[in-house]
Amino acid sequence: MKYSAREEEWAAWMRAAIAGDATAYDRLLKAVTPYLRSIARRRCDQFGAPPSEVEDVVQEVLLAVHLKRGTWDVSRPIGPWLSTIVRNKLIDSLRRRGRHVSVPIEDVMETLEADHQEDGADRIDVDRMLEGLRDPQREIVRSISLGGAGIRETAERLQMTEGAVRVALHRALKGLAALYRSNTRENG
C-alpha cells in the first residue's frame, strides 16, 4: 500500500521527534493539527457531536500524541494511528457527556489487536512533565487528559468557567511542548 508524501514526511518527523529532535516535533504538530481538526470535524458530524467539540478533541489528541508518541509503530503509517487517536478521544468526550456511542467493530479491530501495556517509565515521564506546569493548568491536564473528565465537569470542580478551562488547557499544552523541547535539548 502506498502512502502519501505528506504522511511519509510526518512519519519522518515523528521518528526524528522520538529520537529527540524538538524542531521536527514542532513541525509535526503544526503540520498535523489541520488534519486532526478536519478528522475531528468529520467525526463530530458523523456521531452527532456539536461543532464546539472539535477543538476540545483536537487539544486532547495533541496531548495524547505527545504522551503516547513512543507507542507508534515506526514501521506502520502514521495517518491511521492519528485517526484512531481522534476517534478514541471523540468517543471518550461523548461518553463523558453521557451520549451513547456505537462504533462498528471493523473500526476498532486494529486497536483491539494491539498490545497496550503501560510502561511505568511513561507514567514517571508524564508526572515529571506535569510538575513543570503551574496550577490550575496541571490540575486541568490531569483532570481532562489523564482522568477523562469533561471540560464542564472540570470547570465546576475548579470553580472556573468552561472558557477559562479551555484557555488554561491550551496554554498547558503549549507549556508542555516547550518543556519537551527544553528537555530534549538538555538530554540530546
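About the criteria used
Residues numbered from 1 in each chain as written. Predicted model: local features only at pLDDT ≥ 70, side-chain atom pairs only at ≥ 80, totals over all residues. Heavy atoms only, no water. Buried < 20%, exposed > 50% of the residue type's maximum accessible area, 1.4 Å probe, protein only. Helix = DSSP H or I, 4+ residues; strand = E, 2+ residues; numbered from the N terminus. Phe/Tyr/Trp six-rings, centres within 6.5 Å; stacked < 30°, edge-to-face > 60°. Lys NZ or Arg CZ within 6 Å of the ring centre and 35° of its normal. 1 Å grid on protein atoms, 1.4 Å probe; cavity = no way out; pocket = protein on both sides within 12 Å on 5 of 7 lines; lining within 4 Å. Points joined across faces, edges and corners; volume = space filled by probe spheres on them. Nonpolar A, V, L, I, M, F, W, Y, C, P; charged D, E, K, R; others polar. Core = buried A, V, L, I, M, F, W, Y, C linked by side-chain atoms within 4.5 Å. Contact = heavy atoms within 4.5 Å. pLDDT = per-residue confidence, 0-100. Polar contact = N/O pair within 3.5 Å; in protein donor to acceptor, adjacent residues only side chain to side chain. Axes fitted to C-alpha atoms, helices over the stretch in contact; angles between N-to-C directions. Parallel < 35°, antiparallel > 145°, perpendicular 65-115°, else oblique.

Draft legend 1. Representation of helix H7 (residues 137-146) within the structure. The buried fraction of H7 amounts to seven of the 10 residues, a majority that puts the element mostly inside the structure. For H7, every residue scored as buried is listed here: Gln137, Arg138, Ile140, Val141, Ser143, Ile144 and Ser145. Just downstream of H7 lies Gly148, where phi reads positive at about 85 degrees.

Draft legend 2. Structural detail: the packing of aromatic side chains. For the structure on display, the rule yields one aromatic pair. The ring of Tyr25 carries Arg69 above its face, with NZ or CZ at 5.7 Å from the centroid.

Draft legend 3. Region of the structure containing empty space enclosed by the protein. Inspection of every chain in the model, using the stated rule, returns one cavity of 30 Å³ or more. When its volume is computed, the largest cavity comes out at roughly 40 Å³. Surrounding the largest cavity, His66, Leu67, Val126, Met129, Leu130, Val141, Leu146 and Leu176 form its lining. Among the secondary structure elements, those contributing two or more residues to the lining of the largest cavity are helix H3 (53-68), helix H6 (120-131) and H7. For the lining of the largest cavity, the leading source of residues is H6, giving three residues. Classifying every residue of the lining of the largest cavity by side-chain character gives seven nonpolar, one polar and no charged.

Draft legend 4. Molecular detail of the nonpolar core. By size, the foremost hydrophobic cluster in this structure holds 49 residues, and its most contacted members are Trp10, Leu36, Val65, Ile78, Trp81 and Leu82. Sorting the residues of this core by element identifies helix H1 (5-18), helix H2 (22-47), H3, helix H4 (78-96), H6, H7, helix H8 (151-158) and helix H9 (162-187) as the ones contributing at least two each. Here the element with the most residues in this core is H2; it accounts for 11 residues. Once residues within four sequence positions are removed from consideration, Leu82 is found in contact with Trp10, Val32, Tyr35, Leu36 and Val65.

Draft legend 5. Main features of the confidence of the model for the protein. Taken as a whole, the protein shows an average pLDDT of 79; of its residues, 80% reach a score of 70 or greater. Within the protein, the lowest mean pLDDT, 51, falls on helix H5 (residues 105-113), and the highest, 91, falls on H1. Scored below 50 in pLDDT, residues 111-117 makes five contacts in the model with residues more than four places away or belonging to other chains.

Draft legend 6. Structural detail: the side chain of Thr33. For Thr33, the location among the structural elements is in helix H2. Judged by its relative accessible area of 15%, Thr33 falls in the buried class. Of note is the side chain of Thr33, whose polar atom sits 2.5 Å from the backbone oxygen of Leu29. Beyond its immediate chain neighbours, meaning those up to four positions away, Thr33 contacts Val58 and Leu62.

Draft legend 7. Structural context of the packing of H1 against H4. With their axes 9 Å apart at the nearest point, H1 and H4 run at an angle of 80 degrees to one another. On the basis of their axis angle, the class for H1 and H4 is roughly perpendicular. In this structure, H1 contributes Glu7, Trp10, Ala11 and Met14 to the contact, and H4 contributes Ile78, Gly79, Pro80, Trp81 and Leu82. By residue class, the composition of the contact of H1 with H4 is seven nonpolar, one polar and one charged.

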